[in-house]
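# Results of the structural survey
Okay, here's what each chain looks like letter by letter:
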Amino acid sequence: VRKVSIIGAGHVGATCTYYIAEKNIADIVMIDVVEGMPQAKGMDFSQAAPLRRYGVKILGSNDYADVAGSDVVVITAGIPRKPGMDRMDLLRTNADIVGTAAARVAEYAPNSTLIVVSNPLDIMCTVALEASGFALKRVMGMAGILDSTRFRYFVAEKMGVAVTDVHAMVLGGHGDTMVPLPRFTTVAGFPITKLLSPGEVEALSDRTRNGGAEIVRHLKTGSAFYAPAASTAEMVEAVLTNEKRLVPAAAYLRGEYGHEGVFLGVPILLGKNGVEKIIELDLTAEEKTMLDKSAEAVRKGIESLRSL
Amino acid sequence: MKKVSIIGSGNVGVNSAFFIAEMAAAQVTLFDIKEGISEGKALDLMEAAPIRCYRTGIEGSSDITSIAGSQAVVIAAGLIRTPGHDRGEHFRENAAIVGEICGRIVSLAPEAVVIVATEPVDAMVKVVLDATGFHRRRVMGIGGLLDCTRMAHFVSDELNVSPRDVSAMVMGSHTRLMVPVPEYTRVNGIPISQLMSEETVARIVSATREAGSVILDLAQRANAYYAPSSAIAQVVEAVCVDTHKVLSLSVMLDGEYGVGQVPLSVPCRVGAAGVEEILEVELDEEVLKAFRDSAEPVRRWL
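Residues numbered from 1 in each chain as written. Chains lettered and ligands numbered in written order. Predicted model: local features only at pLDDT ≥ 70, side-chain atom pairs only at ≥ 80, totals over all residues. Heavy atoms only, no water.

## Points about helix 8 (residues 226-240) of chain A
Residues and elements named next belong to chain A.
- Helix length check: helix 8, at 15 residues, gives a terminal C-alpha distance of 21 Å against a target of 21 Å (1.5 Å per residue), a fit within 8%.
- Within helix 8, 12 of the 15 residues are buried, which leaves the element mostly enclosed by the surrounding structure.
- Looking at helix 8, one finds that the buried residues are P228, A229, S231, T232, A233, E234, M235, V236, E237, A238, V239 and L240.
- Positive phi appears at N242, one or two residues downstream of helix 8, with a value of about 50 degrees. (Helix = DSSP H or I, 4+ residues; strand = E, 2+ residues; numbered from the N terminus. Expected span 1.5 Å × (residues − 1). Buried < 20%, exposed > 50% of the residue type's maximum accessible area, 1.4 Å probe, protein only.)

Okay, here's the thing in structure tokens:
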């Protein structure tokens, strides 16, 4: 049986467990530092299994030894963003948490693939890569699928079409500098640039850029977790089932798109080997400039982390 | 839960019922003039229900009044064209069968949306419109959607990417003159032209055109029915669950894309009322010409 471990059993981690359990594709272990909490959630999930018809084992634990044998490990641990808080504000605290988690995972599940969810995402990927010592293709960040699913929902809502008709491509860092690509955002294959006015397209792109903040503003004391968890579960499924999804995710660039040594949201081919390929799109000069700006912001974040 | 009736309990009709049950999209009534076949197939499907956890019922009957009150009716009755069978003659034979069914639909399910699967499908949409007098929004054929799912499969297969990420667009008539549109065939929004060579795109376009006859040859004179049934189930779901899904379907055109008085597949937004909107999207001059030219065999039949 395949196995996935989720580090951090908070809202994102537990909801991710829920979505993966419903797919019935792997045993799941939730690890958290809080005593008793992951165990309780593990039992609660297991007791829903007869009704929800999943046959997988779900376990909560405080002990990293339970991660052993995992095919995929998701790192969601970290403190959430509070209202008015920039993703960069999270940097110091979450770098410690993610670094520790990645090192422990490397110790117990050295052959696993790491999917980082903690923010600031692109920088946490670098932290996880360095702390785990894993191969580049075995470390990636979940951001592009989330930004795309938000974009897809906004487009479907605006146009009154089924959400499954809409595909979207959002590149760049998971922050204010993300790069929604309306040219590559489609309804039944037709780019929204041919279906909506430039003003409408811009408004939808903007709403996508601020999608996370919009929810934080409503919640006041928390951040989104359903869409992030659903997005993460998609990536876990693609790796576990070798599904070869072509999706945007934060991957380590070695010259692709003219960038070197940073994690940045780009289209990847996602399968059992992790990041199996990075797809280089023909971008317009304007799109390329936005992506460069995004890469620059990620690079600056890494620099400020190194100087801490 | 809405009710869909399927006229014709052959492979296409029965597999449509199967997919519809798996999707929990509607209650299904299978009808065939041949006694016993619908009852038997429905019983077999329902005996799988405890294991497959169906939430919808499937019943079978050779009594046409069982279609009464349907919100959707699928016409999957008719003869399969065999090699050597004249196309014009085949059309006239199926038109007679479909025309007779339409009379019963009008009296028993006057509010239904009609989904046409009988070949030649574009011409048959016109036959149904004439025989029922229904508004063009309520009559659609599954030509383009079937061609789309075939093209999407070829793209997914070629690139070794998940079919979930692929969206293909094929318009025009459901004949060899069909119009696959590579520009609007995409992998998570990315045009296939950015992911494969021009030659590969051309190969996929030609495989899409030949897909139906390849299966006919391979399966030794039995025509395709899984992909056609999946297309039917998708349209039934759009109507019965009111999903507002955008699907390439054959509808009577009234000036859209510069074409009138002939049914061709165009992207339609589909919901409970049938075709809610026809999307008119900018097409290249060349694609637009191919689209208009694809009407020629349909006009010939009519």
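## Focus: the layout of surface pockets
- Volume-wise, the second largest pocket comes out at about 1,100 Å³.
- Of all elements in the fold, only helix 1 (11-23), helix 5 (144-159), helix 8 and strand 12 (245-254) of chain A together with helix 5 (143-159), strand 7 (166-167), helix 7 (226-240) and strand 12 (245-254) of chain B reach the threshold of two or more residues within the lining of the second largest pocket. (1 Å grid on protein atoms, 1.4 Å probe; cavity = no way out; pocket = protein on both sides within 12 Å on 5 of 7 lines; lining within 4 Å. Points joined across faces, edges and corners; volume = space filled by probe spheres on them.)

## Overview of the packing of helix 5 of chain B against helix 6 (residues 198-218) of chain B
All names here are of chain B.
- Interaxial distance between helix 5 and helix 6 falls to 9 Å at its minimum, and their mutual angle equals 130 degrees. In terms of axis orientation, helix 5 runs oblique to helix 6. Where helix 5 crosses over helix 6, the two elements pack in a sense that is right-handed. Contacts from D147, R150, M151, F154, V155 and E158 in helix 5 reach T200, R203, I204, V205, A207, T208, A211, G212 and I215 in helix 6.
- A class-by-class count of the residues in the contact of helix 5 with helix 6 yields eight nonpolar, three polar and four charged. (Axes fitted to C-alpha atoms, helices over the stretch in contact; angles between N-to-C directions. Parallel < 35°, antiparallel > 145°, perpendicular 65-115°, else oblique. Left-handed = near helix turned anticlockwise from the far one by under 90°. Contact = heavy atoms within 4.5 Å. Nonpolar A, V, L, I, M, F, W, Y, C, P; charged D, E, K, R; others polar.)

## Remarks on the interface of chain A and chain B
- Taken together, the contact pairs 32 residues of chain A with 27 residues of chain B.
- Here chain A meets chain B over a buried area of about 2,600 Å², counting both sides, of which 56% is carbon and sulfur.
- Of the charged contacts, one joins A:K194 and B:E183 as a salt bridge, the two residues approaching to 3.7 Å between their closest N and O atoms.
- At the junction of chain A and chain B, the tally comes to 18 residue pairs in polar contact (both at pLDDT 80 or more).
- Going through the elements one at a time, strand 10 (186-187), strand 11 (190-191), helix 8, strand 12 and strand 13 (260-271) of chain A are the ones with two or more residues in the side of chain A that touches chain B.
- Looking at which element gives the most residues to the side of chain A that touches chain B, the answer is strand 12 of chain A, with three residues.
- Grouping the constituent residues of the side of chain A that touches chain B by class yields 17 nonpolar, five polar and 10 charged. (Buried area = accessible area lost by both parts, 1.4 Å probe. Salt bridge = Lys/Arg side-chain N within 4 Å of Asp/Glu carboxyl O. Polar contact = N/O pair within 3.5 Å; in protein donor to acceptor, adjacent residues only side chain to side chain.)

## Brief notes about the sheet that holds strand 10 of chain A
Residue and element names in this part refer to chain A.
- The strand order across the open sheet built from three strands is 7-10-11, with neighbouring strands paired in antiparallel fashion. The open sheet terminates on both sides in strands that have one partner only, identified here as strand 7 (166-167) and strand 11.
- Pairing of strand 10 with strand 11, which is carried by two bridges, proceeds in the antiparallel orientation. Bridge pairing in strand 11 links V187 to F190. (Pairing = 2+ DSSP bridges.)

## Topic: unusual backbone geometry
- Cis geometry is adopted by the peptide bond preceding A:P120, which originates at A:N119 and carries an omega value of -5 degrees.
- The topology assignment puts A:P120 in the loop between strand 5 (113-116) and helix 4 (121-132).
- Here the residue pair B:E119 and B:P120 is connected by a cis peptide bond, since its omega of -10 degrees sits within 30 degrees of zero.
- Note on placement: B:P120 falls in the loop between strand 5 (113-116) and helix 4 (121-132).
- The phi dihedral of A:R53 is positive, around 60 degrees, even though this residue is not glycine.
- Here A:R53 shows up in the loop between helix 2 (37-52) and strand 3 (58-61).
- Positive phi is not limited to glycine here, since A:A188 has a value of about 50 degrees.
- Along the chain, A:A188 falls in the loop between strand 10 and strand 11.
- The buried category is assigned to A:A188, whose relative accessible area is 7%.

## Observations concerning the packing of helix 5 of chain A against helix 8 of chain A
Residue and element names in this part refer to chain A.
- Closest axis-to-axis distance for the helix 5/helix 8 pair is 9 Å, and the angle between their directions is 125 degrees. Relative to helix 8, helix 5 is oriented oblique. By crossing handedness, the relation of helix 5 to helix 8 is classed as right-handed. Residues I145, L146, T149 and R150 of helix 5 form the contact with helix 8, whose own contacting residues are A227, P228, S231, E234 and M235.

## Quick word on the environment of A:V247
- With respect to the element layout, A:V247 can be found in strand 12.
- Spatially, the C-alpha atom of A:V247 lies 20 Å from that of A:T76, the residues being 171 residues apart in sequence.

## Side note on the side chain of A:D27
All names here are of chain A.
- Inspection of the secondary structure puts D27 in strand 2 (residues 27-31).
- No salt bridge is formed by the buried D27; the nearest opposite charge belongs to K57, separated by 4.1 Å.
- Here K57 takes part through its backbone nitrogen, which lies 2.8 Å from a polar atom of the side chain of D27.
- The residues contacting D27, other than those within four sequence positions of it, are V1, R2, K3, V4, V56 and K57. (Lys, Arg positive; Asp, Glu negative; His and termini not counted.)

## Description of the state of the cysteines
- This structure, assessed with the given rule, holds zero disulfides over all chains.
- A:C125 carries a free sulfur, and the closest cysteine sulfur to it, the one in A:C16, is 15 Å from it.
- For B:C148, which is in no disulfide, the shortest distance to another cysteine sulfur is to B:C268 and amounts to 11 Å. (Disulfide = S-S within 2.5 Å.)

## Regarding the packing of aromatic side chains
- Scanning the model with the defined rule gives eight aromatic pairs over all chains in all.
- The side chain of B:R138 reaches across the aromatic face of B:F134, ending 3.9 Å from its centre. (Phe/Tyr/Trp six-rings, centres within 6.5 Å; stacked < 30°, edge-to-face > 60°. Lys NZ or Arg CZ within 6 Å of the ring centre and 35° of its normal.)

## A few points about the sheet that holds strand 11 (residues 190-191) of chain B
All names here are of chain B.
- Strand order in the open sheet formed by three strands is 7-10-11, and the pairing between neighbours is antiparallel. Unpaired on one side and paired on the other, strand 7 and strand 11 mark the two borders of the sheet.
- The pairing of strand 10 (residues 186-187) with strand 11 spans two bridges and is antiparallel. Paired with R186 across the strands is P191, a residue of strand 11.

Don't take any of this as a statement about function, it's just geometry.
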